[in-house]
Each structure stands twice: as C-alpha cells, then as structure tokens.
Amino acid sequence: MSYWNSELRIGSLSVPRFIGGPLDQLTDAPFRLVTRMFCESALLYTEIRHVAAVVNMPRPRLAIDKKARPLNFQMTASSTEYIAQACEIVLEQGVDAVDLNIGCPASNVVNCGSGSALMGDIPRLTSVLKEFRACLPCPFTVKMRAGFKEYNAEDVARLCQDCGVDALVVHPRLQKQKFRGTPDYSILASVKNAGSIPVMVSGGIKTFQDAQAVYELTGVDGFLIGRAQLGAPWLLRQLNDKAAGQEYILEQSLVYNAMYEHVQLLRNYYAHKGLVLAKRHIGYYLQGKEHAKLLRKKLHVSMTWEDILRLIDELYKGSL
Ligand SMILES: Cc1cc2nc3c(=O)[nH]c(=O)nc-3n(C[C@H](O)[C@H](O)[C@H](O)COP(=O)(O)O)c2cc1C
C-alpha cells in the first residue's frame with residue numbers, strides 16, 4: 001500500500017491523512033456538520049478552549065453530535081489547574097482524541113500563559129504535558145508552532161514524545177508571524193527527524209499538489225487543512241479521495257445544499273447571534289463565483305435569516 005492510500009495512525013486511531021484543522025469561531029459545531037455532509041471519515045478538530053473555560057461551560061454547549069466524530073477536542077492550559085476536570089468532561093462527551101494547543105499566538109491567550117507561551121516556558125510545558133497524558137486514556141496530540149519568541153520546535157517535539165504524546169502538528173511559523181508569511185517547511189523535516197511519532201503539517205496546504213510537495217520535502221504523515229476549508233466544506237472529501245486515487249466530482253446542487261444547510265445549522269445553534277457569522281460564511285462560498293461583487297453587496301444588505309436563504313435560493317435557480 002502506498003503512502004497516499006494508507007491511513008495515518010495516531011495512537012489507537014486510524015484516519016485519512018487530510019484532517020479538518022481548527023479555526024476559532026469558524027470551524028465550529030455547525031461547520032463540522034456541514035463537512036460531514038461530504039466526508040464521514042476525516043478527523044476534525046474542535047477550536048481552542050482553555051481548560052478553565054471547558055470546566056465552566058454549560059454542558060449543552062459541549063455536547064458532541066455523534067456525526068461530528070472522529071473528533072479531536074482541542075484545549076489549552078496555563079498550568080496543571082483544571083486539566084483533570086476538563087479532560088473528564090470532554091471524555092464524557094465522547095471524543096476520539098484530545099489535542100493540546102501550544103501554538104496559538106493571540107495576545108489574550110498568550111497573556112494568560114497558554115497557547116504558544118507554553119513553548120517559551122519548558123518547565124511549565126512539561127508539567128502540563130504530563131498532567132494531560134496522565135488524564136487521557138485516548139490518543140493525545142499537540143499542535144505547536146516553530147517556537148514562541150525563538151525557534152525551538154525540535155526540542156519541544158522531543159519533550160512531547162518523552163511525555164507520551166501520540167502525534168504532533170507543526171505550524172511552521174513563530175508567534176510573532178501569526179498567520180502571515182511563507183511557512184518554513186524545512187522545520188517539519190527537522191521535527192520529523194527529532195523523533196518517531198507521526199508529524200502533521202498545518203499551514204498553507206490548499207491543494208493535493210501542495211501536500212505532495214510538502215511530503216516530498218519533509219516526509220510528514222498528515223495534513224491539517226485550515227483556511228482553505230472555508231466556503232469549501234467538501235475539500236477534505238476531495239483531498240482524501242484524491243489520496244485514494246479517486247476523483248470526487250462536486251455537483252453544483254450539493255454546493256447550494258451545503259450553503260443552505262450551513263445557514264440553517266448556524267441559525268439553530270446561535271439563534272440571532274449567528275446572523276453575522278452566517279453572512280461571513282456565505283461570503284466565503286461566494287469567492288470566485290461569477291458576479292461575486294454584486295452577490296456580496298446583496299449579502300451585505302441582508303438583514304434576516306430569510307434574506308440570506310432567499311439569496312442562496314435565487315443563486316441556485318440561476319436568477320442572480
Ligand atoms: C481565524 C483563525 C482561527 C484559528 N483558530 C485556531 C484554533 O482555534 N486552534 C488552533 O490550533 N489553530 C487555530 N488557528 C491556526 C490554524 O489552525 C492553522 O494552523 C493556520 O491557519 C495555518 O494553516 P492554514 O494556512 O491552512 O490556514 C487559527 C487560524 C486562524 C486564521
């Protein structure tokens with residue numbers, strides 16, 4: 001079996017190599033369900049949540065739809081406090097893996113000592129990793145960066161492996177680079193050589209060709225798709241099918257169906273608070289469409305859920 005049509009193993013979990021990466025406030029529960037309309041088997045990530053927030057979150061907000069699985073629940077922490085309780089809560093909901101985020105560059109996250117700040121404080125990171133591992137009977141992954149202020153991805157990768165982490169995701173940029181600039185993929189090769197656990201890349205993978213090029217360069221084991229999923233919840237299906245030597249032909253009716261379902265799911269999940277988010281998502285779907293500028297204008301002046309649904313309907317009927 002070739003690299004491309006074999007699955008990626010993360011501890012006891014076996015999943016296709018293209019994975020739905022986390023984008024806070026975007027790849028939320030509704031987005032994951034729309035993705036599942038196309039792709040049942042891909043591993044999907046939840047967005048970053050601090051362990052303290054998980055402990056204090058109303059349980060219905062944490063409920064996991066069975067259809068969303070296989071699911072990797074992502075958390076971050078500032079210390080060992082709350083980790084045991086948070087792990088117990090998410091395991092109760094039925095997740096397939098837990099991910100520790102040590103890569104988030106956002107100032108509100110870093111300022112409380114979590115996210116990428118953990119890569120700059122090795123003693124604290126060590127205790128956090130050990131505490132998570134001790135609390136998790138399921139696969140445990142870590143999503144990291146090239147480093148916090150300075151590059152230390154290889155050292156952190158070795159530490160993660162020594163602490164029993166099952167797989168790593170590397171976003172090859174420093175904290176100050178946030179999400180901009182060309183990712184330095186050579187870091188992936190160094191991290192891969194530093195240990196023996198699977199290493200996945202996150203950053204700049206939009207097409208199968210992108211993944212092929214990064215694989216040739218680094219030998220990575222899997223690919224997290226981030227921003228390229230927006231407005232394209234079928235992308236994981238297309239990429240995983242391509243890896244298996246098949247071509248997924250996307251029917252236009254399914255595109256409109258996904259847009260329609262996405263809006264309905266956001267409406268049910270967030271009620272009126274979701275309207276702005278729905279407009280944002282539909283904006284992504286409109287990218288590259290004929291008359292996109294005009295359509296965006298129409299979207300901009302949509303004031304109600306019905307306005308947005310009517311716009312999708314008119315698009316589908318070709319009357320726009
Ligand atoms: C708006 C936004 C939100 C993000 N939220 C998260 C998050 O919750 N957890 C995380 O690990 N990474 C998060 N990331 C980082 C992405 O998962 C990914 O590593 C980064 O965008 C690079 O990959 P891409 O080029 O495929 O988007 C976020 C990125 C963006 C742009």
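Residues numbered from 1 in each chain as written. Predicted model: local features only at pLDDT ≥ 70, side-chain atom pairs only at ≥ 80, totals over all residues.

K.L.:
Before we go on, may I ask you to explain the domain arrangement of the protein in this structure?
P.N.:
For an interface, size is often stated in terms of accessible area lost upon the parts coming together. Here the protein is partitioned into domain 1 (8-243) and domain 2 (252-317). The C-alpha-based centres of domain 1 and domain 2 are spaced at 29 Å. On the side of domain 2, nine residues touch domain 1, which itself brings eight residues to the contact. A breakdown of the residues in the side of domain 1 that touches domain 2 according to their chemical character gives seven nonpolar, one polar and no charged. (Domains from an automatic or database assignment. Contact = placed C-beta atoms within 7 Å. Nonpolar A, V, L, I, M, F, W, Y, C, P; charged D, E, K, R; others polar.)

K.L.:
Can you help me understand the pairing of strand β6 (residues 71-76) in this one?
P.N.:
In regular strands, side chains alternate between the two faces of the sheet. Of all six residues that make up β6, six are buried, and the element is covered over most of its length. Burial along β6 is two-sided: the residues Leu-71, Phe-73 and Met-75 and Asn-72, Gln-74 and Thr-76 are all buried. Judged from the two bridges that link them, strand β4 (residues 44-45) and β6 form a sheet pairing that is parallel. Within the sheet, the bridge partner assigned to Leu-44 lies in β6 and is Leu-71. Inspection of the sheet shows β6 paired to strand β7 (residues 97-102) by four bridges, in the parallel sense. The residue of β7 that forms the bridge with Phe-73 is Val-98. Assessed by its sense of winding, the connection that carries the chain from β6 through helix α4 (residues 83-93) to β7 is right-handed. (Buried ≥ 20, exposed ≤ 12 C-beta atoms within 10 Å, placed from the backbone. Helix = DSSP H or I, 4+ residues; strand = E, 2+ residues; numbered from the N terminus. Pairing = 2+ DSSP bridges. Right-handed = clockwise from strand over helix to strand, strands pointing away.)

K.L.:
Explain helix α11 (residues 252-270) here, please?
P.N.:
Each α-helix turn comprises 3.6 residues. Residues three or four places apart therefore point the same way. Helix length check: α11 (19 residues) gives 27 Å between terminal C-alpha atoms against 27 Å at 1.5 Å per residue, within 8%. For α11, every residue scored as buried is listed here: Ala-258, Met-259, His-262, Val-263 and Leu-266. Projection of α11 onto a plane perpendicular to its axis shows the buried side chains occupying an angular sector of 130 degrees, all on one side. Within α11, the exposed residues directed more than 90 degrees away from the buried face are Ser-253 and Asn-268. Along its buried surface, α11 packs onto α1 (29-36), α12 (275-286) and α14 (305-317). A positive phi of about 55 degrees marks Ala-271, the residue just after α11. (Expected span 1.5 Å × (residues − 1). Arc of directions from axis to C-beta.)

K.L.:
Explanation requested: the environment of Gly-120 in the structure shown.
P.N.:
Here Gly-120 is to be found in the loop between α5 (107-110) and α6 (122-135). Placed 30 residues apart in sequence, Gly-120 and Glu-150 show a C-alpha to C-alpha distance of 8.0 Å. Once residues lying within four places of it in the same chain are set aside, the contact partners of Gly-120 are Phe-148 and Lys-149.

K.L.:
Looking at this model, I keep getting lost on the pairing of strand β9 (residues 167-174). Mind explaining?
P.N.:
Within β9, eight of the eight residues are buried, which leaves it mostly tucked inside the rest of the structure. Side chains Ala-167, Val-169, His-171 and Arg-173 project from β9 onto one buried face, and the interleaved Leu-168, Val-170, Pro-172 and Leu-174 project onto a second face that is buried too. With six bridges connecting them, strand β8 (residues 140-147) and β9 associate as parallel partners. Bridge pairing links Thr-141 to Ala-167 in β9.

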